[in-house]
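# Architecture and fold: a report
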Amino acid sequence: QVQLVESGGGLVQAGGSLRLSCAASGHTFSSRGMGWCRQAPGKEREFVAAISWSGGSTYYADSVKGRFTISRDNAKNTVYLQMNSLKPEDTAVYYCAADRRLRVGVPSSADFVSWGQGTQVTVSS
């Protein structure tokens, strides 16, 4: 299994930017697709973005497409989420997750296991 620790959340004004990081332990990180999900108060957890194990393919939720960018550095066992043009509706706890499969494309929410503890992102209007 992969252990995940998110960081980089905080309070930012609308229109601002944040970069989230997710540090992974375990020797299988570079063979697993990774992703980010978020959960706002009173709402279900929702998919945000995912990246293949090689980093060559990505996928985004429509609500963040064009504003968020997911990337990874396999040498550092880290995945990132660059968030630009933030909106108040982006306020949520953001979770990093790893694909349960090895070397298989871009994961969907159903493929995620090994969740991190989450990092709070608050966007003020």
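Cut-offs and rules
- Residues numbered from 1 in each chain as written.
- Predicted model: local features only at pLDDT ≥ 70, side-chain atom pairs only at ≥ 80, totals over all residues.
- Heavy atoms only, no water.
- Helix = DSSP H or I, 4+ residues; strand = E, 2+ residues; numbered from the N terminus.
- Contact = heavy atoms within 4.5 Å.
- Polar contact = N/O pair within 3.5 Å; in protein donor to acceptor, adjacent residues only side chain to side chain.
- Buried < 20%, exposed > 50% of the residue type's maximum accessible area, 1.4 Å probe, protein only.
- Phe/Tyr/Trp six-rings, centres within 6.5 Å; stacked < 30°, edge-to-face > 60°.
- Lys NZ or Arg CZ within 6 Å of the ring centre and 35° of its normal.

### Focus: the environment of Arg32
Inspection of the secondary structure assignment puts Arg32 in the loop between strand 3 (18-25) and strand 4 (34-39). Here the alpha-carbon distance between Arg32 and Val2, two residues 30 residues apart in the chain, equals 9.3 Å. Each residue touching Arg32, except ones within four places of it in the same chain, is listed here: Val2, Trp53, Arg72, Ala98, Asp99, Arg100, Arg101 and Leu102. Within the structure, the side chain of Arg32 is placed 3.2 Å from the backbone oxygen of Arg100, a separation counted as a polar contact.

### A word on the environment of Asn84
Mapped onto the elements of the fold, Asn84 is located in the loop between strand 8 (78-83) and strand 9 (92-99). Under the relative-accessibility criterion, Asn84 is labelled partly exposed at 31%. Apart from the residues lying within four places of it in its own chain, the contact partners of Asn84 are Gly16, Ser17, Arg67 and Phe68. A polar contact is formed between the side chain of Asn84 and the side chain of Ser17, at a distance of 2.9 Å. Within the local environment of Asn84, its side chain forms a polar contact with the side chain of Gln82, the two groups lying 2.9 Å apart.

### Describing the packing of aromatic side chains
One pass over the full model with this rule turns up 4 aromatic pairs. When the centroid spacing of 6.5 Å and the interplanar angle of 15° are considered together, the rings of Phe47 and Phe112 count as stacked. Here Phe112 lies in strand 10 (residues 112-113) and Phe47 lies in strand 5 (residues 46-51), a separation of 65 residues in the sequence. Accessibility assignment for this pair places Phe47 and Phe112 in one class, buried. By the ring-pair criterion, three or more aromatic residues cluster together here, those being Phe47, Tyr59, Tyr95, Phe112 and Trp115. Lying across the ring of Tyr95, Arg45 places its NZ or CZ 4.0 Å from the centre. If you follow Arg72 out to its NZ or CZ, it ends over the ring of Phe29, 4.5 Å from the centre.

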